[in-house]
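Here is what each chain is made of, one letter per residue.
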2 protein chains.
Amino acid sequence: MMELTRKGEYAIRGIVYLATQPAEQVCLLSDIASAVDVPQTFLAKIFQQFSKIGLVRSYRGTGGGFVLGRSPDKITLLEVVEAVEGPIAPNRCVTGEGECSRDADCTVHPVWVSVQNQVRDILARVTLLDLSGR
Amino acid sequence: MMELTRKGEYAIRGIVYLATQPAEQVCLLSDIASAVDVPQTFLAKIFQQFSKIGLVRSYRGTGGGFVLGRSPDKITLLEVVEAVEGPIAPNRCVTGEGECSRDADCTVHPVWVSVQNQVRDILARVTLLDLSGR
DNA sequence: CCAAATAAGATTATTTATATCCTATTTAGT
DNA sequence: ACTAAATAGGATATAAATAATCTTATTTGG
């Protein structure tokens, strides 16, 4: 239960790789993909998502590629994971998506809230700097 | 991310209902299913799983049905969830299913272990007695 | 023996995950 | 301007997991 998908796994590998590179070093998608062993076309989609929310910056055309959008100590694992997997939510009732309406005072709800908070907290405390091992 | 499936949601509803019933009260599957608003055939499969590991006891034939396998304060939410959803594992690398072999000292691994422990801990502290609201 | 139950296996439908492909657009360098 | 090198984005394909149903078997009380 609660497993990260391939997409999430690949996303982390890819952006952690960027974090290990010298600051402002523009990296080719093909290089990243082969370095972290992820299908390039898949990684492209993931980095497009990152790019839209500023986690990475992209440069098109010859000499283009990707760079981290902020310094590695300012990007948390939580942001990375939620960017591609969606919000951390052990049950839909904690995302506000109805449910629980079944039962006015659902006794399980607070448990899910607690799980959600704990997990978010753990992931929010880890930065790409931590993960880069530098 | 990390969402409980319908099966898990149904499983909890079903067994919590049992916990709200008088001890040793044998309940009809059809009654449980309609009370907690779950397809009966689906709930049947779930309770079969519960039965195999002793979370509930089943009685076949006329007058048959289901009862909790132990007193509600001795059954944790963790057991219930893992019974139907499999082990809590935010990433396969924490279940021992290879991976991580990619990277001898994976920096993310300890984070997943931490998440796994925290979640398990939270769920293990909640019993069916707590959830029954009695 | 019959009717009421659960057990178990097979099957089906739907959704999500995991990609890949193709075309468009941008950009540096000549 | 032209070309080659890149990313962007939409469409499509395949596989796996989820969600559910159906059918047949087995058990049991009366």
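Since the structure is predicted, the reported quantities are computational estimates derived from the model, not experimental observations.

Peer 1: Give a description of the nonpolar core that names residues and reports values.
Peer 2: Grouped together as the largest cluster of nonpolar side chains are 92 residues, with contacts concentrated most on A:Phe50, A:Trp112, B:Phe50 and B:Trp112. Setting aside residues up to four positions removed in sequence, A:Trp112 forms contacts with A:Pro90, A:Asn91, A:Cys93, A:Val94, B:Leu4, B:Ile12, B:Val81 and B:Leu123.

Peer 1: Can you break down the packing of helix α1 (residues 6-20) of chain A against helix α3 (residues 40-52) of chain A residue by residue, with the values?
Peer 2: Residue and element names in this part refer to chain A. Relative to each other, α1 and α3 sit at 70 degrees, their axes nearing to 10 Å. Viewed along their axes, α1 and α3 adopt a mutual orientation that is roughly perpendicular. Across from Lys7, Tyr10, Ala11, Gly14, Ile15 and Leu18 in α1, the residues of α3 making contact are Phe42, Leu43, Ile46, Phe47, Gln49 and Phe50. Here the contact of α1 with α3 is built from residues that sort into nine nonpolar, two polar and one charged.

Peer 1: Go over the relation of the copies chain A and chain B with me, naming the residues and quoting the values.
Peer 2: With an RMSD of 0.0 Å, the fit of chain A onto chain B corresponds to turning through 180 degrees and sliding 0.0 Å along the axis. Considering both components of the superposition, the chain copies are consistent with a two-fold axis. Considering only C-alpha atoms, the residue of chain A closest to the rotation axis is A:Met2, which sits at 1.9 Å. Most of the interface of chain A is mirrored in chain B, where 100% of its interface residues are also at the interface.

Peer 1: For the packing of aromatic side chains, give the residues involved together with the corresponding values.
Peer 2: All names here are of chain A. Following the criterion strictly, the structure yields six aromatic pairs over all chains and no others. Centroid distance tyrosine 10 to phenylalanine 42: 5.6 Å. Interplanar angle 90 degrees. Geometry classified as edge-to-face. Pair noted here: tyrosine 10 is in helix α1 and phenylalanine 42 is in helix α3, with a separation of 32 residues, a long-range link. Tyrosine 10 sits in the buried class, given a relative accessible area of 10%. Among the aromatic residues, ring-to-ring pairing joins Phe47, Phe50 and Phe66 into one connected group.

Rules used throughout
Residues numbered from 1 in each chain as written. Chains lettered and ligands numbered in written order. Predicted model: local features only at pLDDT ≥ 70, side-chain atom pairs only at ≥ 80, totals over all residues. Heavy atoms only, no water. Core = buried A, V, L, I, M, F, W, Y, C linked by side-chain atoms within 4.5 Å. Buried < 20%, exposed > 50% of the residue type's maximum accessible area, 1.4 Å probe, protein only. Contact = heavy atoms within 4.5 Å. Axes fitted to C-alpha atoms, helices over the stretch in contact; angles between N-to-C directions. Helix = DSSP H or I, 4+ residues; strand = E, 2+ residues; numbered from the N terminus. Parallel < 35°, antiparallel > 145°, perpendicular 65-115°, else oblique. Nonpolar A, V, L, I, M, F, W, Y, C, P; charged D, E, K, R; others polar. Least-squares fit on C-alpha atoms with pLDDT ≥ 70 in both. Phe/Tyr/Trp six-rings, centres within 6.5 Å; stacked < 30°, edge-to-face > 60°.

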